[in-house]
Every structure is written in structure tokens, then in C-alpha cells.
Amino acid sequence: PADDVVIPADDVVIPADDVVIPTLKTVTPKLDRRKCSVDVWINDRECDLGRGQDAPFIIGIFDTSSDEELPMRSLVAAMRGNKSRSWGLIKQVVHWSPFVQVYKKKYPWVQLAGHSGAFKPCDNGTILKKKTDKEFLCLTKILEDEHMLQITPKFYGEVEKEGLMYVKLQDLLAEFDNPSVCDIKMGTRTYLEEELIKAREKRTMRKDMYEKMVKVDSSEPTEEENRLKAVTKPRYMQWRERLSSTATLGFRIDGIKQADRDPDKNFKTVRTRQEVAYVLRKHTDHQDSTRLKLLERLREIRDTLEKSEFFKTHEVIGSSLLLVHDQPTEGVARANVWMIDFGKTTPLQEGRRLDHRTEWEEGNQEDGYLAGLDNLIELFENLNTIPAPEGLEGEG
């Protein structure tokens, strides 16, 4: 048994079928196209998996930037010393392997908007997300709705790991090589009606939310809030919605992870149509094929939601659309959109229905989801012609 595994960036490890070897001290893999083999250094001893190495290997992943071990998501067939195995096969394995995707991406997208610590990579193109009773119930109901199944991650049930319960979901990034990701929070409000009722019954002051508020706008807190150095959660969330495009457009950009760049969550004050369009143009790298592919999928999601019985009978709060794309290949866009996050989605009382477009008044439970989606689609339709914000005309 050994200590750690260090995997250099963009290198490849070919794991094995059945045999599990404890984590090795140092592994430095190299691809050699001329030899059609894979050279691996193990504890200062060279092992050639392509030319005479009999034992298959399963090698753990170790993130040297955070000193955190990242579990493997899948196994790839081992090279067992067969000289006839060509570079083409290795290339095919490398392209397919979610293991390679784990290392390259390191799941930075989960840091975009409040997901930190909620996810773990799993195997065979899946991930684990910490289980909550409300989301688990929604995911179970979605299995019975043929329409929702078309626009949400595949759900594989619950899993226990290290004493905690998780839901097992499709990894939406597995099909992409170097994805750019945008998390868009949908709806005209991000708090449940029941949260307002509870806040009135038990007025809890939040110092952390006060600090977030004054960091953005020190003039916003009232005299009493400044004295207490705290605000209630509904007060903070309503201010947050007025500050962003949630109240005006029915959605807001919560975070963006652009290919190999660090995640960016600095969109709290992106409010106007021009500002949102400017951000999304940059996110799509000004690629019209990507814009059109995302637009097509957004229209498909809207058509699907309008047919869904699940959607009509639930107050959908805090749910996001996850926009994912790669750079186009030979002019062909690779992009997709999914509906994610159902931790606040709440079933309505028997017999009630929402249209998700009616303006919210306390008691009607309307969430404005489709109103926001209508605006998002219109924005993508006109993305190339919407002027940039003042002062940014030459950049957007």
C-alpha cells in the first residue's frame, strides 16, 4: 500500500478490468504515438503497458491543487501486453473515458451557484448529489412523466456513500471534451411562499446575508438592519431579485465556467436585457452555430414543459437551466440544455394548476418560470442584434 497518485495535466492513464491495486506513490503516464504504447513510471520503475506488461492497473486520481482524492468514474479496458493493439485503439479509449473527463474538468461547475460540496464524481458517466427529501420525491415523480424525462438528467436512485445518502444522476458533462457551462436560475422569485409565512411566524435575522448585502450595496440596509447587522432571508432574497434580472426578465445568470477558465459568479448586478445579452454572447464565444443549437433546445424545453403534468402541478422555485457547449467542430455546434435542481420544487394542493406565466401575488404560487423562459428564448433569438451596454460597445 502506498500514499498518493499524482496525475499531470492532460496526460492519460489506462486503467484495468478487474484487478484493484492500492494507490501508488507516483505515476507519470506518457502517450507515445510512434511506439503505439503507454509508458508508466511507478515508484521510479518504468512499466510499458503496451509492450509486455501483463498486469492490468486501476489507478486512483489525486488532485494536487487541492490535496483531495477524486474517485474514478469508470474503468477502461486494460492494455495487456498485446502488440497488435494500435494507437487508434488507445486514442478511442482516451476519447471515450469519463476518467479523463474527471481529471480535466475536476467538476468546477458545481462551484457555480451554491453547489459546493454537494457533488461527488461516480462511475459510468454518473455523479452523486447529496440527497434531500424534497428533491428525491421530485426526481421519483419525474420518472413517471414522459415529458420531464426528455429535459432532465437521468435518475438512477439513491446511494449510500461514507455514511451519507446521495442521489445518483447522469453526468451532463460526460459527452463534452472541454465544456463551457452556464447556470441560469429560472423564475421571477427564488423563495417559496411557505418561506415567507415561516419568516413572519419566526423572524430570524441573518448576519451572513447582511454581510453579502452590504458588500454589494452598503446603502441598501435599513437603519434597524444596520444596527442589528443582520437581515431576514426573505428580505435578502427579494433585494437580490431586484438587483438582478430575476424580477425584470424572470431569470438570472448565477454562474459561468468558461472552458479552462475559473468559475465566475460575479453576475449579481447583471440586470438589463443588454447586460444579459452581452454576457451570453461572450459565453457562446460569439459562435452563431452554438447560439442556434442552444436556442433550438430552449424552444424544445418550453414545448415540453407546456405538456408536462408534473410541471403544471408544482411550484418550481430555485430550479436552473444548465447550458453546456463545446467549441464547434468543423462548424457543427456541440451544445445542450437541461433542467436541473429540484430542491425547492413543491407539489401543489390537489386540483390546483399553475401556468407559470401569470404575475405572482402572494397566495397564487405562480413562479414565472415560463415567463422567464419566454424572455430567455427571445433574447437568444436576437442575441446578435441586442446592443452592448454603454461603455462596452466595442467588447460585446
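Cut-offs applied
- Residues numbered from 1 in each chain as written.
- Predicted model: local features only at pLDDT ≥ 70, side-chain atom pairs only at ≥ 80, totals over all residues.
- Heavy atoms only, no water.
- Helix = DSSP H or I, 4+ residues; strand = E, 2+ residues; numbered from the N terminus.
- Buried < 20%, exposed > 50% of the residue type's maximum accessible area, 1.4 Å probe, protein only.
- Areas by Shrake-Rupley, 256 points an atom, 1.4 Å probe, with all protein chains shown as cover.
- Core = buried A, V, L, I, M, F, W, Y, C linked by side-chain atoms within 4.5 Å.
- Contact = heavy atoms within 4.5 Å.
- Phe/Tyr/Trp six-rings, centres within 6.5 Å; stacked < 30°, edge-to-face > 60°.
- Patch = residues over 30% accessible without salt bridge, like charges linked within 9 Å, V, L, I, M, F, W, Y side chains within 5 Å.
- Salt bridge = Lys/Arg side-chain N within 4 Å of Asp/Glu carboxyl O.
- Lys, Arg positive; Asp, Glu negative; His and termini not counted.
- Charge placed at Lys NZ, Arg CZ, Asp CG, Glu CD.
- Pairing = 2+ DSSP bridges.
- Axes fitted to C-alpha atoms, helices over the stretch in contact; angles between N-to-C directions.
- Parallel < 35°, antiparallel > 145°, perpendicular 65-115°, else oblique.
- Nonpolar A, V, L, I, M, F, W, Y, C, P; charged D, E, K, R; others polar.

J.: Help me out: how do you make sense of the overall build of the protein chain in this one?
T.: On a plain count of helices and strands, the protein chain comes out with twelve helices and 15 strands. For the protein chain, the residues scored as buried account for 49% of the 396 residues in total. Of the roughly 19,600 Å² of accessible surface on the protein chain, 47% is carried by carbon and sulfur atoms.

J.: For this particular structure, what's the right way to read the nonpolar core?
T.: When a protein is soluble and globular, its nonpolar side chains tend to lie buried together. Counting 49 residues, the largest nonpolar core has Leu280, Leu305, Leu321, Met339, Leu373, Leu376 and Phe380 as the members making the most contacts within it. Considering every element that reaches this core, the biggest residue donor is helix H12 (residues 369–381), with seven residues. Ignoring anything within four residues of it in the chain, the contact list for Leu321 reads Cys182, Asp183, Ile184, Met186, Leu298, Ile301, Val337, Trp338, Met339, Tyr369, Leu373 and Leu376. With ten residues, the next largest nonpolar core counts Met209, Tyr210, Met213 and Tyr236 among its residues.

J.: Whenever I open this one, the packing of aromatic side chains confuses me. Can you help?
T.: The geometry of an aromatic ring pair comes down to the distance between the two centres and the angle between the two planes. Under the criterion given, the structure shown has five aromatic pairs. Arranged with centres 5.9 Å apart and planes meeting at 85°, the rings of Tyr191 and Trp360 form a pair that is edge-to-face. One end of the pair, Tyr191, is in the loop between strand E10 (180–186) and helix H4 (193–201); the other, Trp360, is in the loop between strand E15 (346–347) and H12, with 169 residues separating them in the sequence. For Tyr191, a relative accessible area of 4% puts it in the buried group. When the ring of Phe311 is compared with that of Tyr369, the centres are 5.4 Å apart and the planes differ by 80°; the resulting orientation is edge-to-face. You can see Phe311 sitting in helix H11 (residues 309–312) and its partner Tyr369 sitting in helix H12, a full 58 residues away along the chain.

J.: Please clarify how a positive patch on the surface should be interpreted in this entry.
T.: On the surface, a cluster of positive charge is contributed by Lys212, Lys215, Lys265 and Lys268. Secondary-structure assignment places Lys268 in the loop between strand E11 (251–257) and helix H9 (273–283).

J.: Whenever I open this one, the pairing of strand E8 (residues 155–161) confuses me. Can you help?
T.: The side chains of a regular strand alternate between the sheet's two faces. The sheet contact formed by E8 and strand E9 (residues 164–170) spans five bridges and is antiparallel. Directly across from Glu158, in E9, lies its bridge partner Val167. The loop that links E8 with its antiparallel partner E9 comprises two residues; one of these, Glu162, has a positive phi angle of about 55°.

J.: Before we go on, may I ask you to explain the packing of H4 against helix H7 (residues 233–243) in this structure?
T.: The relative placement of two packed helices comes down to the angle between their axes together with the axis-to-axis distance. Across the interface, H4 lies against H7 with an axial gap of 9 Å and an inter-helix angle of 135°. What the angle tells us is that H4 and H7 run oblique. Contacts from Glu195, Leu196 and Ala199 in H4 reach Lys233, Pro234 and Gln238 in H7. Here the residues of the contact of H4 with H7 are counted per class, giving three nonpolar, one polar and two charged.

J.: Just to check I follow, could you spell out the pairing of strand E7 (residues 126–130) for this structure?
T.: Counting buried residues in E7 gives four out of five residues, a clear majority hidden from the surface. Note that strand E6 (residues 119–121) and E7 share three bridges and pair antiparallel. Note that in E7 the partner of Lys120 across the bridge is Leu128. Hairpin connection of E6 to E7: four residues between the antiparallel strands, including Asn124 at a positive phi of 50°.

J.: What is the right way to read the environment of Ser289 from this model?
T.: Mapped onto the fold, Ser289 is located in helix H10 (residues 288–305). In the structure, Ser289 is positioned 39 residues away from Pro328 in sequence and 7.4 Å away in space, judged by C-alpha atoms. Once you skip the residues sitting within four places of it in the chain, Ser289 turns out to touch Pro328, Gly331 and Ala333.

J.: Hey, could you run me through the sheet that holds strand E14 (residues 332–340) in this one?
T.: Working definition: the strands of a sheet are paired by backbone hydrogen bonds and lie parallel or antiparallel to each other. Across the sheet, four strands lie side by side as E11-E10-E13-E14; this open sheet has antiparallel pairing. Each edge of the open sheet is held by one strand with a lone partner, namely E11 and E14. Strand-to-strand twist across the sheet, computed as the mean angle between neighbouring axes with direction ignored, equals 20°. In terms of strand pairing, E10 meets strand E13 (residues 320–329) through six bridges, oriented antiparallel. Within E13, the position partnered with Val181 by the bridge is Val324. Packed onto the sheet, H10 meets E13 and E14 and runs at close to 30° relative to E14.

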